[in-house]
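The primary structure of each chain is shown beneath.
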Amino acid sequence: MVDPTTTVVWDSALLDYDMGDHPLNPVRVELTMALARELGVLDRPGVRMVTPEPATEADLARIHRPDYLDAVRHAPIDPFFRGWGLNTPDNPVFDGMHEASARICGASIAAAEAVWFGTTKRAVNVAGGLHHAMAARAAGFCVYNDPAVAIARLLDQGAQRVAYVDVDVHHGDGVQAAFYNDPRVLTISLHETPLTLFPGTGFADETGGPAAEGLAVNIPLPPGTGDGGWLRAFRAIVPSILRAFAPEIIFSQCGADSHRLDPLADLRLSVDGQRAAHLAMRELADELCDGRWVATGGGGYALVEVVPRAWTHLLATATGDPLDPQTRIPPAWRRLAAERCPGVPVPETMTDGTPPPVETWQPGTTPDPVDRAILASRMAVFPLHGLDPHDIRD
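Residues numbered from 1 in each chain as written. Predicted model: local features only at pLDDT ≥ 70, side-chain atom pairs only at ≥ 80, totals over all residues. Heavy atoms only, no water.

*Asks:* It is not clear to me how unusual backbone geometry should be interpreted in this structure. Could you clarify?
*Replies:* Of all residues except glycine, most have a negative phi; of all peptide bonds, most are trans. For the bond running from Phe198 to Pro199, omega is 10°, close enough to zero to count as cis. The topology assignment puts Pro199 in the loop between strand S5 (185-192) and strand S6 (216-221). Unlike most non-glycine residues, Ala246 shows phi in positive territory, near 55°. With respect to the helices and strands, Ala246 occurs in the loop between helix H7 (227-245) and strand S7 (249-253). Not every positive phi belongs to a glycine, and Asp290 is a case in point at roughly 55°. (Helix = DSSP H or I, 4+ residues; strand = E, 2+ residues; numbered from the N terminus.)

Here it is in structure tokens:
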């Protein structure tokens, strides 16, 4: 018998986090799981499927204020409800909002605990990654902050060094805020510059509170950054910081909205570049913390063209051999996607056609705005970890 190596947390009830006519459409999660099934990813040896329970009141209250939890419960029954960031275009109220949000948190807790307690090496909750929710405010399509809730559970279970790596196109502000003064949690976020994109935070000089200096790492990248620049920035900063921090577990938010087809942002990654990022995070977990890696989804609004492929690559990376980018997409999935999203182009393969380039950052050799962003981030945090911001070996 093969010991389970990867937990995939899933229940169709996770699709109940549904804001209606809204960019955050749960069809992207439904299509992801359907594509992973069609390609055999979920049937691999060592894959353990887990049905989550909703997070408890105590779980949620580790991050969210009790009066905010009460507001989330009350909002759907009050047609005139206002406040707490709810009942806005970004965060419309919907029936069962508390229960659906708590279930997503419960799914991320289940993933984190499976890894922490050694049931599996890696775990994935593609429905999670709602990283913008604050202690007492919904924001950016996020009601409860499942990554923060799950990390808080890890801390309660005795974790002393949790690394959170966020590759969503938007800054992981809610998770950063939750742990800004906690020396047990390192937060790293690569995102489009807050000068041009929500939520307007995530500058390089946001480096952590007095008790945790250097443990908030922000890499804001200029609009138009593609695979080469994005991966160059990742390689120039993330591995060195993670090695200095020496995490016991890595928790990743893997939003797919950095893709060039995403309608809400302006980075220019391909599915192939996103796949490379997933592989890099798995390799770092293998190197630094015996493979302990928890991954969630996140943003992503090209519902058919991008998200299902990006997160199926994530699931494949977590469950074993990565999928060949040239893999053909099964006709049954293409028909399902066309039915769910009529008129939207349906991809035929798991690649965008071009392998991402391998580029090495060199300090002071180019006026490229990505290189300037890399240097700014290294200057802000590397000295706080005893690293030389100008030394390419760091």
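Now that the structure is up, let's keep going.
*Asks:* How should I be thinking about the nonpolar core in this particular structure?
*Replies:* When a protein is soluble and globular, its nonpolar side chains tend to lie buried together. Counting residues in each nonpolar core, the largest one holds 133 residues, and the members touching the most others are Ile188 and Trp230. Excluding anything up to four places from it in sequence, Trp230 contacts Val167, Leu190, Leu221, Thr225, Leu267, Leu269 and Ala277. (Core = buried A, V, L, I, M, F, W, Y, C linked by side-chain atoms within 4.5 Å. Buried < 20%, exposed > 50% of the residue type's maximum accessible area, 1.4 Å probe, protein only. Contact = heavy atoms within 4.5 Å.)

*Asks:* Just checking my understanding: could you explain the packing of aromatic side chains for this structure?
*Replies:* Each aromatic ring pair is described using two quantities: the centre-to-centre distance and the angle formed by the ring planes. Counted by the stated rule, this structure contains six aromatic pairs. Taking 5.6 Å as the distance between ring centres and 80° as the angle between the ring planes, the aromatic pair formed by Tyr17 and Phe94 counts as edge-to-face. Of the two residues, Tyr17 is situated in the loop between strand S1 (6-9) and helix H1 (27-38) and Phe94 in the loop between helix H3 (66-74) and helix H4 (97-116); the sequence distance between them amounts to 77 residues. Each member of the pair, Tyr17 together with Phe94, is buried. For the ring pair Tyr164 and Phe251, a centre distance of 6.2 Å and an interplane angle of 35° mean the geometry is tilted. In this pair, Tyr164 is assigned in strand S4 (residues 162-166) and Phe251 in strand S7, connecting sequence segments 87 residues apart. (Phe/Tyr/Trp six-rings, centres within 6.5 Å; stacked < 30°, edge-to-face > 60°.)

*Asks:* What exactly am I supposed to notice about the packing of H7 against helix H11 (residues 369-381) here?
*Replies:* When two helices pack together, their arrangement is captured by the angle between the axes and the distance separating the axes. The contact between H7 and H11 brings their axes to 9 Å, and the two run at 15°. As the angle between them shows, H7 and H11 are arranged roughly parallel. Considering how the two elements wind past one another, H7 and H11 form a crossing that is right-handed. Where H7 abuts H11, its residues Gly229, Arg232, Ala233, Ala236, Ile237 and Ile241 lie against Val370, Asp371, Ile374, Ser377, Arg378 and Val381. The class makeup of the residues in the contact of H7 with H11 is seven nonpolar, two polar and three charged. (Axes fitted to C-alpha atoms, helices over the stretch in contact; angles between N-to-C directions. Parallel < 35°, antiparallel > 145°, perpendicular 65-115°, else oblique. Left-handed = near helix turned anticlockwise from the far one by under 90°. Nonpolar A, V, L, I, M, F, W, Y, C, P; charged D, E, K, R; others polar.)

*Asks:* It is not clear to me how the sheet that holds strand S3 (residues 122-125) should be interpreted in this structure. Could you clarify?
*Replies:* In a beta sheet, neighbouring strands pair by backbone hydrogen bonds and run either parallel or antiparallel. Across the sheet, which stays open at both edges, the eight strands sit in the order S2-S1-S3-S8-S7-S4-S5-S6 with parallel pairing between neighbours. Of all the strands in the sheet, just strand S2 (47-50) and S6 have a single pairing partner and so form its edges. Each neighbouring strand pair of the sheet contributes to a mean axis angle of 15°, computed without reference to strand direction. Looking at chain direction, S7 and strand S8 (residues 293-296) are connected through four bridges and run parallel. If you follow Ser252 over to S8, its bridge partner there is Ala295. Taken strand by strand, helix H8 (residues 271-288) contacts S3, S4, S7 and S8, and its axis lies near 155° from that of S8. (Pairing = 2+ DSSP bridges.)

*Asks:* So what exactly am I meant to see when it comes to H3 here?
*Replies:* Because the α-helix completes a turn every 3.6 residues, residues three or four places apart line up on one side. If you check which residues of H3 are buried, you get Tyr68, Leu69, Ala71 and Val72. Seen along its axis, H3 keeps its buried residues to an arc of 160°; they face one direction. Contacts from the buried residues of H3 go to helix H2 (57-61) and H4. (Arc of directions from axis to C-beta.)

*Asks:* Just checking my understanding: could you explain the environment of Trp311 for this structure?
*Replies:* You can see Trp311 is positioned in helix H9 (residues 307-319). Residue class for Trp311 comes out buried when judged on its relative accessible area of 0%. A sequence separation of 56 residues divides Trp311 from Gly255, and the C-alpha atoms of the two residues are 8.7 Å apart. Not counting chain neighbours up to four residues away, the residues in contact with Trp311 comprise Arg28, Val29, Thr32, Val126, Cys254, Gly255, Ala256, Gly297, Gly298 and Gly299. Separated by 2.8 Å, the side chain of Trp311 and the backbone oxygen of Cys254 make a polar contact. (Polar contact = N/O pair within 3.5 Å; in protein donor to acceptor, adjacent residues only side chain to side chain.)

*Asks:* For this particular structure, what's the right way to read the pairing of S6?
*Replies:* Regular strands show a simple pattern: their side chains alternate between the two faces of the sheet. Of all six residues making up S6, six are buried, and the element is well covered by its neighbours. Alternating positions in S6 separate into two faces, Ala216, Asn218 and Pro220 on one and Val217, Ile219 and Leu221 on the other, with burial throughout. Pairing analysis gives six bridges linking S5 to S6, with the strands arranged parallel. Paired with Leu190 across the bridge in S6 is Ile219.

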